[in-house]
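Notes for the structure review
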Amino acid sequence: MVPRILLLGGTSEASALAKRLAARLADQAGLDVVLSLAGRTEHPAPQPVPVRVGGFGGAAGLADYLKAERIAAVVDATHPYAARMSFNAAQACAAAGVPLLALRRGPWMPVAGDRWREVADVPAAVAALGDAPRRVFLALGRNEVRAFEAVPQHAYLVRSVDPVLPPLAVPQAQYVLGRGPFGEADDRALLEAHRIDTIVAKNSGGAATYGKMAAARALGIEVLLIARPAIPAVPAVETPAEAEAWLLDQLGAHGADSSARGADSSSARGAGLSAERGA
């Protein structure tokens with residue numbers, strides 16, 4: 001039977017892994033891959049593998065899905081802030097006896113010149129803005145920006161993949177639609193054009209959205225950085241190549257053609273899997 005792999009996606013790493021699997025494994029190893037998206041984006045980017053959209057019904061629902069679909073392995077490549085999904089995946093895989101790997105990008109680390117202030121969550125970021133009016137760039141999800149209606153004295157610039165509808169109930173708000181990656185030069189021009197003095201963002205890690213962080217450093221702009229949530233301690237890697245190698249080993253465990261694994265199988269055993277805990 002062809003092994004089925006469930007890829008929990010929504011990140012650039014998930015898309016990169018899907019491309020690697022479509023290009024290298026689908027034909028050679030007889031691999032069946034399905035990419036699951038939460039459905040928060042109205043028009044997700046095209047993917048090279050079959051896609052399902054929507055939730056599973058919690059950990060129990062996901063465990064049922066894994067059994068019903070005969071999933072051989074799961075890669076959790078969700079966003080670092082999708083903690084609930086990561087915990088559901090860990091519980092479901094444990095209950096169903098399915099191997100689980102987390103594909104996690106590391107967090108950004110401050111360097112000289114950064115003006116970062118870490119806050120616990122979105123409500124803490126709202127409070128941290130204070131009473132004096134600021135010009136704020138909200139680099140958050142379109143649902144999360146609603147919290148800033150509680151402090152309407154600030155002027156907001158909101159960037160999102162999909163339109164924020166209805167618009168925020170504040171006197172001053174402007175909107176920019178865009179899908180990363182975003183470069184430093186373009187983000188610096190954006191911040192300067194809107195005279196931004198504060199950024200509210202998540203510590204997403206990776207290169208795709210780091211442009212605003214580098215631009216903030218160059219312009220001396222304060223960043224209110226929302227701390228990463230706790231996530232389950234499961235085997236984890238940081239790159240799609242390492243995740244691919246791990247999957248090749250899983251294919252071997254499920255009777256896939258060993259010739260399709262080649263040298264990558266040995267690299268999987270030395271990929272340096274780690275048990276990652278939430279920051």
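Please read all numbers here as calculations on a predicted model, not as lab measurements.

Reading the values: rules and limits
- Residues numbered from 1 in each chain as written.
- Predicted model: local features only at pLDDT ≥ 70, side-chain atom pairs only at ≥ 80, totals over all residues.
- Heavy atoms only, no water.
- Phe/Tyr/Trp six-rings, centres within 6.5 Å; stacked < 30°, edge-to-face > 60°.
- Buried < 20%, exposed > 50% of the residue type's maximum accessible area, 1.4 Å probe, protein only.
- Helix = DSSP H or I, 4+ residues; strand = E, 2+ residues; numbered from the N terminus.
- Contact = heavy atoms within 4.5 Å.
- Pairing = 2+ DSSP bridges.
- Axes fitted to C-alpha atoms, helices over the stretch in contact; angles between N-to-C directions.
- pLDDT = per-residue confidence, 0-100.

On inspection of all chains with the given rule, the structure shows three aromatic pairs. Summarising the aromatic geometry, the rings of F56 and Y65 are spaced 5.1 Å apart at their centres and angled 65° between planes, so their arrangement reads as edge-to-face. Here F56 and Y65 have matching classes, each one buried. For the ring pair F148 and Y156, a centre distance of 6.0 Å and an interplane angle of 65° mean the geometry is edge-to-face. Both residues of the pair, F148 and Y156, count as buried.

Turning to the environment of L177, a few remarks are in order. Mapped onto the elements of the fold, L177 is located in strand β9 (residues 173-177). We classify L177 as exposed; its relative accessible area is 54%. Put simply, L177 and D162 are 15 residues apart on the chain and 6.6 Å apart in space, counted from C-alpha to C-alpha. When near neighbours in sequence (up to four residues on either side) are disregarded, L177 contacts S160, V161, D162 and P163.

Let us look at the sheet that holds β9. Strand order in the open sheet made by the six strands is β6-β11-β10-β7-β8-β9, with parallel pairing throughout. Whereas interior strands pair on both sides, the edge strands pair on one side only; in this sheet they are β6 (116-119) and β9. If you compare each strand with its neighbour and ignore which way they point, the axes differ by 20° on average. Contacting β7 (135-139), β8 (155-160), β9 and β10 (198-202), helix α5 (residues 184-193) crosses the sheet at an angle of about 155° to β8.

Okay, the confidence of the model for the chain next. Mean pLDDT for the chain: 87, with 85% of residues reaching 70 or above. Below pLDDT 50 for its whole length, residues 255-279 participates in 42 contacts with residues either more than four positions away or in separate chains.

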